[in-house]
Amino acid sequence: TEKCSSRWRLVRQRDGLKAGKDPIPGCVEALPLKGCGRSRASSRRGCDRGREGPRGPAPTNTMSKGAAAGGKAERAYAGIIKLIVPAGKAAPAPPVGPALGQKGLNLMEFCKSFNDKTKVYFDNTPIQVQITAFTDRTFTYKTKNPSVVHMLKTCSGVPKLTALPGKEWVGEISIRAIYEIALVKQEDMPHVPIKGCVSQIMATANNIGLRIVR
């Protein structure tokens, strides 16, 4: 199968998507992953079956050591913490420290686990993480791919977004680039068809001032 060029990188360092013969204008190493992978056909099969595809494993729950050893029956739910943390940069400082400290969670265990899990992304890529805390001070967490706005902004290369949605255009993005972003975001929305993902991303692009071109 045709391999992707090292220039067209999507989400993770280890794997990516086939770029085809026509590169995405203005999208050189734009999206937050590094590396290349297998064909798009094998990518889709891995995604559809819920297995590890060429972009690496889909976001999954990760639990603390105490949670893995204690079992669910011994724990009581204490709350959910939602954060946006730079890839590979989790530290006891804000926003991680205060948020986890309120629940008495092990900061260093989370930081080490998160940084190891997100090292496949480019440094400082904003990663959405949801932490489920329990009363015995154990936790589980799951991560999502970078936001659509972040990928659109980075891929198009615009320095800032528009203040007048629908009236002011600050840049352009190709329909091919939108489709590639949709393939990445579909990992977070497995029940949404690819056509629906593309429609949502196109609407977001218009709202932030990006003109869609072919």
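Remember, it's a predicted structure, so these values are computed and weren't measured experimentally.

In this section: the environment of Thr204. Among the structural elements, Thr204 can be located in helix H7 (residues 194-207). Accessibility expressed as a relative area gives 21% for Thr204, which makes it partly exposed. Between the alpha carbons of Thr204 and Pro165 there is a distance of 9.9 Å; along the sequence they are 39 residues apart. Not counting chain neighbours up to four residues away, the residues in contact with Thr204 comprise Val148, Val149 and Leu152.

So, about the nonpolar core. Counting 20 residues, the largest nonpolar core has Leu83, Leu100, Phe110, Phe114, Val129 and Ile131 as its most contacted members. Those elements giving two or more residues to this core turn out to be strand S2 (77-86), helix H3 (96-101), helix H4 (107-117), strand S3 (126-134) and strand S4 (139-144). Every residue in contact with Phe110, bar those within four places of it in the chain, is listed here: Ala90, Val96, Leu100, Val129, Ile131, Phe139 and Tyr141. Listed in part, the 17 residues of the second largest apolar core include Val148, Ile178, Cys197 and Val198.

Once that is clear, we can look at the packing of aromatic side chains. With the rule as written, the count across this model stands at three aromatic pairs. Here Phe110 and Phe114 contribute two aromatic rings whose centre-to-centre distance is 5.7 Å and whose plane-to-plane angle is 25°, an arrangement assigned as stacked. Pair noted here: Phe110 and Phe114 are both in helix H4, with a separation of four residues, about one helical turn. Judged on exposure class, the residue Phe110 and its partner Phe114 are both buried.

Conventions adopted
- All residue numbers refer to position in the chain's written sequence, counted from 1.
- Where local features are concerned, this predicted model is filtered to residues with pLDDT of at least 70; where side-chain atom pairs are given and counted, the filter is 80 or more; whole-chain, interface and lining totals use all residues.
- Think of the side-chain values as coming from all heavy atoms in the structure, minus any hydrogens and water.
- Each helix corresponds to a stretch of at least 4 residues labelled H or I by DSSP, and each strand to a stretch of at least 2 residues labelled E; elements are numbered beginning at the N terminus.
- Here's how the labels work: a residue is buried when its accessible area is under 20% of the maximum for its type, exposed when over 50%, partly exposed in between, all with a 1.4 Å probe on protein chains only.
- Here, two residues are considered to be in contact whenever any of their heavy atoms come within 4.5 Å of each other.
- Only buried residues count toward a nonpolar core, which is a set of Ala, Val, Leu, Ile, Met, Phe, Trp, Tyr and Cys residues joined through side-chain atoms within 4.5 Å.
- Any two rings among Phe, Tyr and Trp, with Trp reduced to its six-membered ring, count as a pair given centres within 6.5 Å; such a pair is stacked if its planes are under 30 degrees apart, edge-to-face if over 60, and tilted if neither.

Such coordinate-based values are descriptive only and should not be taken to indicate function.
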